[in-house]
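Summary of structural features
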2 protein chains.
Amino acid sequence: MTDQREKSIAILGGTGDQGLGLALRFTAAGTPVVIGSRKHERAMEAAENVRKQVAGASVDGFVNAEACQKAEIVILSVPFENTASTLKGIREHLQPGQILVSMGVPLATSVGDTATRMLGIWQGSCAELVAGLAPRGVEVVSAFQNVSAHRLQHLPDVVECDVVVSGAKEPRRRVMALCGLVPGLRAVDGGPLANARIVEAITALLIGMNVRYRVPEGIGIRFTGVPSGSD
Amino acid sequence: MTDQREKSIAILGGTGDQGLGLALRFTAAGTPVVIGSRKHERAMEAAENVRKQVAGASVDGFVNAEACQKAEIVILSVPFENTASTLKGIREHLQPGQILVSMGVPLATSVGDTATRMLGIWQGSCAELVAGLAPRGVEVVSAFQNVSAHRLQHLPDVVECDVVVSGAKEPRRRVMALCGLVPGLRAVDGGPLANARIVEAITALLIGMNVRYRVPEGIGIRFTGVPSGSD
């Protein structure tokens, strides 16, 4: 395991709004990012886009299967309906000890209904679906679902949002530490992975609020009364 | 309809922690409260308890069926497992135009499991179950699920929590206005009643956080980026 691999974060679906937003923020914090996409060309374009916005960004683009071998933490940032197929395409390239971050939300848009509604997922949540498909020894952690892609992408903004991180204790702690890279984000301990059922659904609630309050930049969430310095 | 009835709020299950907390806060704001319970005696005891803590409180205790006739807004604050039976006992005493507020949460404690997990409710949520049992013309609104009973009951505290209010537009607005009676509470427009599915589940998430962060007083929730003065 190289030092570079240890420090890097891979973002599969890093060409999409939310993935690109995280890539911008992580590179801006000096963290090397590997962008994955189904097509190498699109991944390279996204990397070029990041380099244009973040001076000195360490970022490169690869096809998903290759990208996921280049980092210890792999963030799955594909539309929910592509989650299972993406995972089946990369699972043989993942290795025990890697952390796979699920940020997908089973919005009803996946079946042509509206983004303010959720699909019922047999496993309970996108994160648990991912956990069911991940190879043994790869830890799945749920995070980042409630963070506005718009605000992530607008680099001058402080992103006023808590990130509820769920999963097994040790990998959860490691993903919680990532939140500190983005100004305004705060990690909150979300306990076991099954709590992703609730966290994912909050996204649908926020999307409805964005419409009702006309806040296209995205409403966020904060938890009050959380002791400071407790993460 | 008397003027007193128009101004009053009835709280069924007002002898429980959360109902009592609301009774204390509403009376402290000068709003007359009617406490309902299955037993008249217990309702009167709770009313006496409120009077002891809030000087000049306008509060009285009745059996549920009687209490719900004495206010236009009736808050259902009974344990989830008693929701249907309580409603069946009062439905013939409710009248069109009244607003019934569902604050119940289908925690798995109802079936002996833990309070950090939810039951699946056929109708989708406690609020929708209530809506299915309410007489025609009675509007059901979902609110107050995420507010800590502990903090409500501790009158010197400002309750740092947003209240997501869901239901039809007009009754929703009226329930949102109630939040202004409690220092710190802010109403957020939660859209259609079905969103109670998400809001109720947030309670289970908060209960888990209270344990992990050791905050028995209760962690709350705030939404960021909501335009001020928009409710």
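Residues numbered from 1 in each chain as written. Chains lettered and ligands numbered in written order. Predicted model: local features only at pLDDT ≥ 70, side-chain atom pairs only at ≥ 80, totals over all residues. Heavy atoms only, no water.

1. What about the overall build of chain A?
Within chain A, the secondary structure is distributed over nine helices and nine strands. Residues counted as buried form 56% of the 231 residues belonging to chain A. Residue pairs in contact within chain A that sit at least 24 positions apart in sequence constitute 73% of those at least 6 positions apart. Total accessible area on chain A is roughly 9600 Å²; 50% of this is exposed by carbon and sulfur atoms. Side-chain charges in chain A split into 23 positive and 22 negative, and the spacing between the mean points of these groups amounts to 3 Å. (Helix = DSSP H or I, 4+ residues; strand = E, 2+ residues; numbered from the N terminus. Buried < 20%, exposed > 50% of the residue type's maximum accessible area, 1.4 Å probe, protein only. Contact = heavy atoms within 4.5 Å. Areas by Shrake-Rupley, 256 points an atom, 1.4 Å probe, with all protein chains shown as cover. Lys, Arg positive; Asp, Glu negative; His and termini not counted. Charge placed at Lys NZ, Arg CZ, Asp CG, Glu CD.)

2. Digging into the interface of chain B and chain A
Taken together, the 33 residues of chain B in the interface contact 33 residues of chain A. The junction of chain B with chain A conceals about 2500 Å² of combined surface from both sides, 69% of it contributed by carbon and sulfur atoms. Counting the surface chain B buries against chain A, the share from its top three residues, L205(B), Y213(B) and T224(B), is 27%. The interface formed by chain B and chain A contains two salt bridges. Seen at the junction of chain B and chain A, the total is eleven residue pairs in polar contact (both at pLDDT 80 or more). Among the elements of the structure, strand 8 (185-189), helix 9 (196-212) and strand 9 (220-224) of chain B are those that each provide at least two residues to the side of chain B that touches chain A. Split into classes, the residues belonging to the side of chain B that touches chain A amount to 20 nonpolar, eight polar and five charged. (Buried area = accessible area lost by both parts, 1.4 Å probe. Salt bridge = Lys/Arg side-chain N within 4 Å of Asp/Glu carboxyl O. Polar contact = N/O pair within 3.5 Å; in protein donor to acceptor, adjacent residues only side chain to side chain. Nonpolar A, V, L, I, M, F, W, Y, C, P; charged D, E, K, R; others polar.)

3. Description of the packing of aromatic side chains
Residues and elements named next belong to chain A. Taken as a whole, this structure holds two aromatic pairs over all chains when the rule is applied. Geometrically, the ring pair formed by F26 and F144 is edge-to-face, given 6.3 Å between the ring centres and 70° between the ring planes. Of the two residues, F26 sits in helix 2 (residues 17-28) while F144 sits in the loop between strand 6 (139-142) and helix 7 (149-153), which places them 118 residues apart along the sequence. For the residue pair F26 and F144, the accessibility class agrees, reading buried in each case. The cationic tip of K70 hangs over the ring face of F62; the distance from NZ or CZ to the ring centre is 4.7 Å. (Phe/Tyr/Trp six-rings, centres within 6.5 Å; stacked < 30°, edge-to-face > 60°. Lys NZ or Arg CZ within 6 Å of the ring centre and 35° of its normal.)

4. A short note on helix 8 (residues 169-179) of chain A
Residue and element names in this part refer to chain A. Along helix 8, the positions that sit buried rather than exposed are P171, R172, V175, M176, L178 and C179. Taken around the axis of helix 8, the buried residues stretch over an arc of 145°, which confines them to a single face. Among the exposed residues of helix 8, those pointing more than 90 degrees away from its buried face are K169, E170 and A177. (Arc of directions from axis to C-beta.)

5. Focus on the sheet that holds strand 6 (residues 139-142) of chain B
Residue and element names in this part refer to chain B. Strands sit in the order 3-2-1-4-5-6 across an open sheet of six strands; the sheet is parallel. Because the sheet does not close on itself, it has two edges, and the strands there are strand 3 (59-63) and strand 6. Neighbour to neighbour, the strand axes of the sheet diverge by 25° on average, direction disregarded. One ladder, built from five bridges, connects strand 2 (residues 33-37) with strand 3; its direction is parallel. When the bridges of strand 3 are listed, I35 appears paired with G61. (Pairing = 2+ DSSP bridges. Axes fitted to C-alpha atoms, helices over the stretch in contact; angles between N-to-C directions.)

6. Let's talk about the packing of helix 9 (residues 196-212) of chain A against helix 9 of chain B
Where helix 9 of chain A contacts helix 9 of chain B, the two axes come as close as 9 Å, and the packing angle between them is 145°. As for how helix 9 of chain A packs across helix 9 of chain B, the hand of that crossing is left-handed. For the pair formed by helix 9 of chain A and helix 9 of chain B, the contact residues are I198(A), V199(A), A201(A), I202(A), A204(A) and L205(A) on the first element and I198(B), V199(B), A201(B), I202(B), A204(B) and L205(B) on the second. Split into classes, the residues belonging to the contact of helix 9 of chain A with helix 9 of chain B amount to twelve nonpolar, no polar and no charged. (Left-handed = near helix turned anticlockwise from the far one by under 90°.)

7. Re the confidence of the model for chain A
Chain-level pLDDT for chain A is 96 on average; 98% of the residues reach the 70-or-more range. Scored as a whole, the predicted complex attains pTM 0.93, and scored at its interfaces, ipTM 0.90. (pLDDT = per-residue confidence, 0-100.)

8. Digging into the sheet that holds strand 3 (residues 59-63) of chain A
Residues and elements named next belong to chain A. Pairing is parallel across the open sheet formed by six strands, whose spatial order is 3-2-1-4-5-6. Where the open sheet ends on each side, the last strands, each with one partner, are strand 3 and strand 6. Taken over all neighbouring pairs, the strand axes of this sheet differ in orientation by 25° on average, direction set aside. Note: strand 4 (residues 73-76) against strand 5 (residues 99-102), four bridges, orientation parallel. Pairing of I73 across the sheet is with I99, part of strand 5. Helix 3 (residues 40-53) rests against strand 2 (33-37) and strand 3 of the sheet, and its axis sits at about 170° to strand 3.

9. Overview of the side chain of Q98(B)
Residue and element names in this part refer to chain B. Along the chain, Q98 turns up in the loop between helix 5 (83-90) and strand 5 (99-102). One polar contact links the side chain of Q98 to the main-chain carbonyl oxygen of A71, over a distance of 2.7 Å. Excluding residues that lie within four positions of it along the chain, Q98 makes contacts with R5, C68, A71, E72, V74, H93, G137, V138 and E139.

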